[in-house]
Amino acid sequence: TGTVKIGDQYWDTSAINLSIAQRSELLTGIGAKGSLGQWDITANLSHFWHGKAKTYTSKGYTNGISNTAGTLTDLDPSAWWTLDAHASTEFNRHAITAGITANYYAVKSTTYNTTRWRDASDAVFALQTQGKSSLSGIFAEDEIHLSDGLSITAGARLDQWRLHNQRLLRLH
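Residues numbered from 1 in each chain as written. Predicted model: local features only at pLDDT ≥ 70, side-chain atom pairs only at ≥ 80, totals over all residues. Heavy atoms only, no water.

## Description of the overall build of the protein
- Within the protein, the secondary structure is distributed over one helix and nine strands.
- Order of helices (α) and strands (β) in the protein, N terminus to C terminus: β-β-β-β-α-β-β-β-β-β.
- Computed over C-alpha atoms, the radius of gyration of the protein comes to 25 Å, more than 25% over the 16 Å expected from 2.2 N^0.38 for 172 residues, which places it beyond the range of a compact globule.
- Viewed in the frame of its principal axes, the protein has a C-alpha envelope of about 75 × 45 × 30 Å.
- When the accessible surface of the protein is totalled, it reaches about 11,500 Å², and 56% of it is carbon and sulfur. (Helix = DSSP H or I, 4+ residues; strand = E, 2+ residues; numbered from the N terminus. Rg over C-alpha atoms; globule rule 2.2 N^0.38 Å. Areas by Shrake-Rupley, 256 points an atom, 1.4 Å probe, with all protein chains shown as cover.)

## A word on the pattern of salt bridges
- Applying the stated criterion across every chain, the model contains five salt bridges.
- One salt bridge in this structure joins Asp-76 and Lys-108, with 3.7 Å as the shortest N-O distance. Remark: Lys-108 occurs in strand S7 (residues 94–114) and Asp-76 occurs in the loop between strand S5 (70–75) and strand S6 (78–91); sequence separation between them is 32 residues.
- Taking the relative accessible area as the measure of exposure, Asp-76 reaches 25% and is therefore partly exposed. (Salt bridge = Lys/Arg side-chain N within 4 Å of Asp/Glu carboxyl O. Buried < 20%, exposed > 50% of the residue type's maximum accessible area, 1.4 Å probe, protein only.)

## Considering unusual backbone geometry
- Despite not being glycine, Asn-92 shows a phi value in the positive range, around 45°.
- Structurally, the position occupied by Asn-92 is in the loop between S6 and S7.
- By relative accessible area, Asn-92 is classed as exposed at 77%.
- In this model, Asn-165 sits at a positive phi of 55°, which is unusual for a non-glycine residue.
- Along the chain, the position of Asn-165 falls in strand S9 (residues 150–170).
- Under the relative-accessibility criterion, Asn-165 is labelled partly exposed at 47%.

So this is what it looks like as structure tokens:
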């Protein structure tokens, strides 16, 4: 019926979907610290990867309970990389930091309409999205210590974000 009764209150369940997700993921990272002359250097690199990501979802609560209409969303192997590195040094009243950042992300997701959502029976293509994005940036700052407990920081940052190879396909 699309409603449930809890105590004396009736609740509309038409907007509630049931879902089952299957995922395999891997997150790895490595970091390094050291000195080069008067500079302290830190760098971190991480990688996140989806090997398998399938989500089975009902189209509403009633369909969820009766295992009828729903969707299957299949996330193809997707991943992102992140790199952050900076160098710092201090002299006189100045604390100088400069660094770089870089990120890369790629995803492809395909959704199918199904007659039985739990096992994705009779899957029919509905929607596909895909794309890649990247972000790269550099920054520098100077923290100037004016007196005990008082400092001012001046800095600049330049970022470039790029979206490419994006696509949206839909069944009408």
